[in-house]
Structures are given as C-alpha cells and as structure tokens.
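What the coordinates show
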Amino acid sequence: MNSHILIPKVILKHFALQGGSLFYYDIKSGEVKRGYAATLNTQKGYYSSEVEKFLSANIESPMGKIIGILQKAYNDLFKTNKVEMTFYAQNIKALKNYMYSLITRSPVMVEQVATNLIFREWFTEQNIRDMSFYDGYNIAVKEDFLNQFGLTFRFSEVGNEFAMPMRGCCTYLYGQTECYFIPLTSHIAALFYNGKDIYPNIAIESEERVNRLNDMSLEQQINSGFGFIASPNKQIIEKLLERYKDNAADEK
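What comes next is a walk through the structure.

Let's talk about the overall build of the chain
Of regular secondary structure, the chain possesses 7 helices and 11 strands. Relative to a compact globule of 252 residues, whose C-alpha radius of gyration would be 18 Å, the chain shows 18 Å and is just as compact. Each of the three principal axes of the chain carries a C-alpha extent, and together these read 60 × 45 × 40 Å. Expressed as a percentage of its 252 residues, the buried residues of the chain come to 47%. Restricting the contact set of the chain to residue pairs at least 6 apart, pairs at least 24 apart contribute 72%. Summing over all exposed atoms, the chain offers an accessible surface of approximately 13,100 Å²; the carbon and sulfur share of this is 48%.

Shown next, in the form of structure tokens:
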C-alpha cells in the first residue's frame with residue numbers, strides 16, 4: 001500500500017488541477033516539477049495497514065467533511081457577501097487532531113524517535129514510523145496545547161492562492177499573538193491563534209498578505225531540509241522562488 005507520508009490526499013487534492021496534477025518545488029533537488037496529488041509525498045509501506053486505517057477514520061474522513069463545510073461558506077461569501085456556517089465542537093476537535101497529526105507524522109519526528117530508540121535493530125523502519133506517529137499523536141491529543149488557542153479562517157480570492165508546504169502549516173508571531181496557519185485548500189486556511197492581535201472573524205486576505213504567508217511557508221519548508229511546496233498554479237511557485245531569491249540577495 002502506498003502511504004502519504006505527511007499531507008493526506010484529502011488535503012493535497014485541493015491544491016491540484018482537475019485531473020489531480022499539481023506543480024511543486026522539490027526542496028532537495030531545487031527543481032520545479034509536475035506531480036499528482038495521489039502519488040506526491042507517498043512511499044510504499046511507509047505505514048502499516050493499521051495506521052492507515054486509523055488515519056483514514058480519525059483524520060482524513062473528518063477533514064473531508066470540514067472542507068465541505070468551509071467550501072460552501074467560501075462559495076456563499078463570494079456569491080452573497082455573507083457567511084453562514086455552523087461549526088461544531090467536533091469539527092474544531094478534528095482540525096486540532098489534523099494539526100497534531102502533522103506534527104507527529106513529520107520525518108523530523110520519526111528521525112528523533114529512531115535516534116533515541118533503545119534496541120533499534122529489533123524494529124523495522126515501518127515499526128518505527130508507526131510508533132512515532134501513534135505515541136506522539138496520543139501524547140499531543142492528551143496534552144492538547146491548541147486548547148489555549150482561538151480558531152478562525154482565512155480565505156483568498158481566485159487567482160490569489162495559498163501554497164501548500166509539506167509541513168502542512170506555517171507558524172509566526174503577529175504582534176504578540178502566536179499563530180498556526182494551516183492551508184486546507186488553495187483558497188481556504190484555518191488559523192489557530194493565541195493572543196489578542198488577530199481579528200477573530202473570517203476574513204479575505206489581501207494579495208500582499210497571501211504572498212507573505214506563502215513566503216513564510218516556503219522559507220520554513222526550506223529550513224526543514226526536506227519536502228516540497230505545492231500549488232495548482234505554476235506561476236505561484238515561480239514567483240515564490242523569485243521573492244525568496246531576491247530576499248536572500250538583499251540579506252547578503
């Protein structure tokens with residue numbers, strides 16, 4: 001079975017063109033490539049079938065329903081200039097669980113677990129990845145650090161799109177407010193925030209702000225040393241890289 005290593009297909013397909021193809025910048029090769037939501041970020045046997053079933057039931061299915069709710073709200077906003085959306089406690093919990101899964105599915109987390117594992121030679125690579133996810137995820141859900149955060153959503157206009165880093169989010173400070181920005185589609189993102197500097201209602205981000213969020217996503221993904229940043233729009237990726245190179249030149 002081919003497993004998505006970090007970003008599930010239910011999310012990644014919303015950063016693809018009709019037919020499932022997308023463009024992405026490969027961090028290791030330094031090249032812009034074309035791929036598919038069904039196969040990008042996958043590896044055969046990366047997780048066991050038990051973990052795959054758990055992810056499908058507890059992360060992917062709930063996130064599919066959440067995106068359906070948000071997509072309707074997005075469409076209504078641009079048709080009627082109003083948003084009427086019912087978002088239940090179980091939806092908030094599912095979004096938090098998705099964020100916890102991003103942290104605990106990270107290759108960085110797997111590497112740390114493998115490094116500190118006693119009698120590592122007794123375990124297969126798949127065993128280690130399964131343990132890294134299960135143990136880390138259960139601890140994250142139990143500790144629930146996002147319980148201290150508020151939740152809102154950010155939309156972008158057509159032609160002004162969020163990019164998707166393999167990390168699944170970018171983090172930053174807005175004033176004194178800690179933020180976790182989580183793209184869910186190329187036009188819809190969740191925003192967990194801890195502080196008083198964030199406008200709590202749903203907002204449409206300006207082109208300048210979308211660019212800044214994409215810039216942070218790319219920079220943090222590059223700093224991680226692995227993965228990709230993806231978009232259905234090749235120009236988004238190319239402009240991202242141009243800004244990154246310009247900023248790097250200015251800092252020299």
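A word on the packing of aromatic side chains
By the definition in use, this model includes 16 aromatic pairs. Between the aromatic rings of Phe 54 and Phe 133, the centroid separation amounts to 5.9 Å while the plane-to-plane angle is 65 degrees, which identifies the pairing as edge-to-face. Taken together, the positions of Phe 54 in helix H2 (residues 49-80) and Phe 133 in helix H5 (residues 125-143) put the pair 79 residues apart, joining distant regions of the chain. For Phe 133, a relative accessible area of 0% translates into the label buried. Their ring planes at 70 degrees and their centres at 5.2 Å tell us that Phe 162 and Phe 181 sit as a pair that is edge-to-face. Remark: Phe 181 occurs in strand E8 (residues 177-183) and Phe 162 occurs in the loop between strand E5 (150-155) and strand E6 (164-165); sequence separation between them is 19 residues. The same class applies to Phe 162 as to Phe 181, namely buried. Following the ring pairs from residue to residue traces out a cluster consisting of Tyr 46, Tyr 47, Phe 54, Phe 133, Tyr 134 and Tyr 137.

Re the layout of surface pockets
Its boundaries defined by the atoms lining it, the largest pocket holds a volume of some 310 Å³. Along its surface, the largest pocket is lined by 17 residues, and Ile 5, Pro 107, Met 166, Phe 226 and Gly 227 are the ones closest to its centre. Those elements that place two or more of their residues in the lining of the largest pocket are strand E2 (21-26), helix H4 (107-116) and H5. Grouping the amino acids of the lining of the largest pocket by side-chain chemistry returns 10 nonpolar, 3 polar and 4 charged.

Details of H5
Look at H5: 27 Å from first C-alpha to last across 19 residues, which is about the 27 Å you get at 1.5 Å a residue. Within two residues after H5, Asp 144 carries a phi angle of roughly 50 degrees, on the positive side.

Here's the deal with the packing of helix H3 (residues 89-104) against H5
The contact between H3 and H5 brings their axes to 9 Å, and the two run at 140 degrees. Looking at the two axes, H3 sits oblique to H5. Crossing of H3 against H5: the hand is right-handed. Contact residues: Asn 97, Tyr 100, Ser 101 and Thr 104 in H3; Ser 132, Phe 133, Gly 136, Tyr 137, Ala 140 and Val 141 in H5. Classifying every residue of the contact of H3 with H5 by side-chain character gives 5 nonpolar, 5 polar and no charged.

Parameters at a glance
Residues numbered from 1 in each chain as written. Predicted model: local features only at pLDDT ≥ 70, side-chain atom pairs only at ≥ 80, totals over all residues. Heavy atoms only, no water. Helix = DSSP H or I, 4+ residues; strand = E, 2+ residues; numbered from the N terminus. Rg over C-alpha atoms; globule rule 2.2 N^0.38 Å. Buried < 20%, exposed > 50% of the residue type's maximum accessible area, 1.4 Å probe, protein only. Contact = heavy atoms within 4.5 Å. Areas by Shrake-Rupley, 256 points an atom, 1.4 Å probe, with all protein chains shown as cover. Phe/Tyr/Trp six-rings, centres within 6.5 Å; stacked < 30°, edge-to-face > 60°. 1 Å grid on protein atoms, 1.4 Å probe; cavity = no way out; pocket = protein on both sides within 12 Å on 5 of 7 lines; lining within 4 Å. Points joined across faces, edges and corners; volume = space filled by probe spheres on them. Nonpolar A, V, L, I, M, F, W, Y, C, P; charged D, E, K, R; others polar. Expected span 1.5 Å × (residues − 1). Axes fitted to C-alpha atoms, helices over the stretch in contact; angles between N-to-C directions. Parallel < 35°, antiparallel > 145°, perpendicular 65-115°, else oblique. Left-handed = near helix turned anticlockwise from the far one by under 90°.

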